[in-house]
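Take a look at the letters that make up each chain.
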Amino acid sequence: MSNLRWKVVTVVAVFVIFAAVGVYPIVAQRYHITQPTWLMDKALKLGLDLKGGVHLVLRVQTEDALRLVADQESERLREELKAKNVPVAKIETPDATHIRVEGVPPAQDAAFRQVANDVTTNFERSAGTNGVYTFTMRPNVQVNLRDEAVVQARQTIERRVNELGVTEPSIAQQGTNGDEILVQLPGVTDVERAKEIIRSTGLLELKIVEQGPAPTREALLVNNQVPEGMDIVPGAASGATADAATVFYLVKKVAAVSGTDLRNARVSVDENNRPAVSFTLSNEGGRKFGKVSGENIGRQLAIILDGRVQSAPTLESRITTEGRITGSFTQEEVQNLSLILRSGALPATLTYLQERTIGPSLGADSIRSGVLASIVGLLVIVVFMLIYYRLSGVNAVVALIFNLVILLGLMAYVGAVMTLPGIAGFVLTMGIGVDSNVLIFERIKEELEAQRGVRASINAGFGRVFWTLFDTHIAALISCAFLFQFGTGPIRGFAVTLCIGLISNLFTSIFVSKTLFEVALSNRQQVATLSI
Amino acid sequence: MHIFKHTNIDFLRWRWHAIALSWVVILAGVFVIATKGLPKAVEFAGGTVVIEQFDHEVTEDQVRQALDRNYPGGGHDAVVQAFGDPSTHQVMIRVPAVGSESGASLGVEAQKVEDALSKAGLAAKRQGAEIVGPSVGRELTSKGIWATVLSLIGILFYLAFRFQFSFGVGAVVATIHDLLITLAFLAFFRYDMSLNVIAAILTMTGFSTNDTIVIFDRIRENLRSMRRDSMNHIINVSVNQTLGRTIITSGTALLTALALFFFGGEVLHGFAFTMVVGIITGTYSSVFIAAAIVSLWRGSAPTRAAAHAPAVAAPTSQQPQRKQKPQRKARAS
């Protein structure tokens, strides 16, 4: 009998542990009982669909990161060719992964190749025909750049969301190409501000103005083309209000200083007491900026944010590490802007694919109906099992309650999140969970009818059914695994609930239920009947 | 207590009737889907859904009129439905349009709907919103189909490994049958294909094999103890032996699915409906379809050669076999 004693101890221990982790925190929260923090940290977490909040799916336009590298390398190539006195007719980037060079003089073909090999390390050079070369970005470089862009975007979003002060945000990569970012912000109500802050590229560039401002883009073209190594950027005229007409600046394509050299940004005011953002550059950035600003005193410096000139002050002296962005900003805009600059630029633009908002009352409604459905489902099954299997029904009901306690405890322990479909999984686990008990009980009935003893029938019932249960549970776990793979957010919560429910069901229906039978029979010498 | 005591129904005799009945339902479903399509939820179709709460009772018609008058393009494409408990005065409004994915304007349509309502004097508070760009749906659809197909293949291989190939085929055909019947009913009752419904369908593929496996397991067991009987006889005996259990467990699962359907709230309606249909058709197919497929696949030859147990092993052998239950000494019935 000591064997049985150990089984009982195991069953009771498992119950106590899982009840402590899974059920106690919920009850304590409901009735405001204080409890140790280590237990609270483990409490079952509610998903966004139950708690309320904002759910956003963004896609990182990884093309942008490739285009940036293509632009940089083609610029370096241009400068290097100029320095080495190799004249070419044209250098262009027709798309994000190609550089095309035309008109390489035949006499300087070898010199060109030499320069190209040194400069364009990320590209594969085609054999040149008639002085035309095409450079294609190496595939492994493309893959790396895309991966980096998504990871960097995720980290930047993380920093921004943390500055927003959201509790327990969740930011994860997803999607078949891995280029989607899922952002979940529980309890957030100001959706628009959150979206704006997450999505802003926050790319700050300081560029020397060559010409402008001009009222139209065309006025800055030379021979109907943008001059080589230059860019035309729109912006508002210096000191103008927001609704002033757009003007255009011709600026150097390569930035003197960019957001990566930024060390800090904070809210300040300009000389007219209007809101502005002051920034501090890193030592390295300050050195670069000092050189450029010293060489260009008297010229205009365009402060460009996300491809738009915010202001274009005239450089009056050499500037090193301190600068200020002025323009027609509101107080909230400068707050957001300094937050965005502090958290760093996004390496690529983001597009919104999906946006879901769940108000707190909607979540509360879902919890209420989910709990109601669970209680009704549980009651219906308990009543049925007690009527149909009488005393053995008690056994099944105990096993079922065990199952639910273990399910809640395991979910809390592994940090799974309870979602609305998760509650559905919980309810279904009850309905499908008693299946195992029914299978065993029906088998015991058959064995009893075959005139075998009660103990032998129980043993046979459990023994014979074990592999059947094993097979059905494995098949269900297979489809659960694919469900998990398929789903995101709430659906994953559902798949996790089902999977854990299946595993705990295998334990309760076989081990717990059998132990209960053994306990019931242990005090009786001769067992003639079984209430089943 | 017994619901079915010693039934002796010749299920295989009815197999052609059952298969014909299933085809009728499936073809009707195909017809409805081909002519009217499967309604898609916003996750798949893209578009804008808002749930608005009014401070007084507002009828669906009032909302529709407000949209007709003030929403750009009118409200004829909009779906307007009361949402949740009537005392909360909540209305769900769905429009197919969605803002541009680039830029922060994905949510402009929700704003336009609200503007249209407030212009008509229906002040509302947004309780929730779901705004999905067009590129999400395509990806989800293919992911859903792949997940279903892969899980079917997984089950086929597992059953082929644990039983015999014909059993795997039987179970997978029965599951595909359940899928098609469920889709047909979703089309008949015009439920939106949503993520939750897909989740329910995937769950169903797991659990509709459940009943089937229990029956197959009994067939496997009886193949060893009834070696002189024909396959069809063994199938019939096995289905009858497990009938009580099949009905009871489907009953309990059905009861919980019904609890979800009636009490689980608006959001889970489609999910619960799919589960209810799935459980009923899953039970029907395990009894009438799955075993019939096994018998058709193998023909009704004597079972000796086909039995899984080695031919030399005597039926009463106690020799343990790997991954098989101990042999039975006596027949159960």
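Use the structure listed above.
Reading guide: rules and limits
- Residue positions are given per chain, counted from 1 along the sequence in the order it is written.
- Naming scheme: in the order in which they are written, chains are lettered from A and ligands are numbered from 1.
- Under the rules for a predicted model, residues below a pLDDT of 70 receive no local features and side-chain atom pairs below 80 are neither given nor counted, while totals for whole chains, interfaces and linings still include all residues.
- Side-chain numbers here rest on the full set of heavy atoms in the structure, without hydrogens or water.
- Pairing between strands is defined by DSSP: at least two bridges between the two strands are required.
- By definition, any uninterrupted DSSP run of H or I lasting at least four residues is a helix, any uninterrupted run of E lasting at least two residues is a strand, and each is numbered from the N terminus.
- Angles run from 0 to 180 degrees between N-to-C directions of axes, and those axes are lines fitted to C-alpha atoms, restricted for helices to the stretch in contact.
- Whether two residues touch is decided by their heavy atoms; if any such pair falls within 4.5 Å, the residues are in contact.
- For classification purposes, angles smaller than 35 degrees are called roughly parallel, those larger than 145 roughly antiparallel, those between 65 and 115 roughly perpendicular, and all remaining angles oblique.
- The crossing is said to be left-handed when, going from far helix to near helix, the turn is anticlockwise and less than a right angle, and right-handed when the turn is clockwise.
- Side-chain classes follow a simple rule in which Ala, Val, Leu, Ile, Met, Phe, Trp, Tyr, Cys and Pro form the nonpolar group, Asp, Glu, Lys and Arg form the charged group, and the remainder, Gly included, forms the polar group.
- Here, a salt bridge means any Lys or Arg side-chain nitrogen found within 4 Å of an Asp or Glu carboxyl oxygen.
- Once two parts are joined, some of their accessible surface, as seen by a 1.4 Å probe, is lost; buried area is that loss totalled over both.
- Pairs of N or O atoms within 3.5 Å make up the polar contacts considered here, provided that, within protein, one atom can donate a hydrogen while the other can accept it, and that residues adjacent in sequence are counted only when both atoms are side-chain atoms.
- Exposure classes here rest on a 1.4 Å probe applied to the protein chains alone. A residue is buried below 20% of its type maximum, exposed above 50%, and partly exposed in between.
- Every patch collects residues that have over 30% relative accessible area and no salt bridge, joining them within 9 Å if they carry like charges and within 5 Å if they are nonpolar side chains (Val, Leu, Ile, Met, Phe, Trp, Tyr).
- In this description, accessible areas are obtained by the Shrake-Rupley approach with a 1.4 Å probe, and a residue is regarded as covered only by the protein chains that are shown.

### Notes on the sheet that holds strand S6 (residues 133-137) of chain A
Residue and element names in this part refer to chain A.
- The 4 strands are arranged S3-S4-S6-S5 in an open sheet whose pairing can be described as antiparallel. Edge positions in the open sheet fall to strand S3 (90-95) and strand S5 (123-125), since each of these has one partner strand only. Strand-to-strand twist across the sheet, computed as the mean angle between neighbouring axes with direction ignored, equals 25 degrees.
- Here S5 runs beside S6; their pairing, made up of 3 bridges, is antiparallel. For Arg-125, the partnering residue across the bridge sits in S6 and is Phe-135.
- Its contacts with the sheet place helix H4 (residues 63-83) against S3, strand S4 (98-102), S5 and S6, and it is angled at close to 175 degrees to S3.
- Against the sheet, helix H5 (residues 109-119) makes contact with S4, S5 and S6, and its axis sits at roughly 15 degrees relative to S6, the strand it touches most.

### Describing the packing of helix H8 (residues 231-241) of chain B against helix H10 (residues 269-298) of chain B
All names here are of chain B.
- Contact geometry for H8 and H10: axes closest at 10 Å, N-to-C directions at 165 degrees. Classed by the angle they form, the pair H8 and H10 counts as roughly antiparallel. Of the two elements, H8 crosses H10, and the hand of that crossing is right-handed. Judged by residue contacts, Met-231, Asn-232, Ile-235 and Val-239 of H8 engage Val-287, Ala-291, Val-294, Ser-295 and Arg-298 from H10.
- Looking at the contact of H8 with H10 residue by residue, the class counts come to 6 nonpolar, 2 polar and 1 charged.

### Quick word on the packing of helix H1 (residues 15-36) of chain B against helix H6 (residues 165-188) of chain B
All names here are of chain B.
- Contact geometry of H1 with H6 gives a least axis separation of 8 Å together with a crossing angle of 50 degrees. Comparing their axes, H6 and H1 come out oblique. Here H1 and H6 pass one another in a crossing that is left-handed. Contact residues: Ser-22, Val-25, Ile-26, Ala-28, Gly-29, Val-32 and Ile-33 in H1; His-177, Leu-180, Ile-181, Leu-183, Ala-184, Phe-185, Ala-187 and Phe-188 in H6.

### Some remarks on the pattern of salt bridges
- Enumeration over the complete set of coordinates arrives at 38 salt bridges over all chains.
- Note that A:Glu284 and A:Arg287 form a salt bridge whose closest N and O atoms lie 3.0 Å from each other. Residue A:Glu284 and its partner A:Arg287 are both found in helix H8 (residues 283-295); the two are separated by 3 residues, about one turn of the helix.
- Several salt bridges converge on common partners, so that one network encompasses A:Arg443, A:Glu447, A:Arg452, A:Arg464 and B:Glu221.

### Some thoughts on the interface of chain A and chain B
- Each side of the interface is counted separately: chain A has 71 residues, and chain B has 76 residues.
- Approximately 6,500 Å² of surface area, both sides summed, lies buried where chain A meets chain B, with 64% of it carried by carbon and sulfur atoms.
- Area buried by chain A at its contact with chain B is led by A:Tyr388, A:Asp471 and A:Phe486, which between them contribute 11% of it.
- Here chain A is connected to chain B by 6 salt bridges.
- A salt bridge links A:Asp471 to B:Arg162, with the shortest nitrogen-to-oxygen separation between them at 2.6 Å.
- At the surface where chain A touches chain B, the tally comes to 15 residue pairs in polar contact (both at pLDDT 80 or more).

### Quick word on the environment of A:Val465
Residue and element names in this part refer to chain A.
- Mapped onto the elements of the fold, Val-465 is located in helix H12 (residues 454-486).
- Owing to a relative accessible area of 4%, Val-465 belongs among the buried residues under this scheme.
- Linking Val-465 and Val-233, residues 232 residues apart in sequence, is a C-alpha distance of 75 Å.

### Things to note about a nonpolar patch on the surface
Residues and elements named next belong to chain A.
- A cluster of nonpolar side chains, Val-8, Val-12, Phe-15, Val-16, Ile-401 and Val-519, forms an exposed patch at the surface whose accessible area comes to about 430 Å².
- The element contributing the most residues to the nonpolar patch is helix H1 (residues 2-30), with 4 residues.
- The residue Ile-401 is located in helix H10 (residues 360-413) in this model.
- Looking at Ile-401, the relative accessible area reads 38%, which means it is partly exposed.

From the geometry alone we can't say anything about function, so treat these as descriptive.
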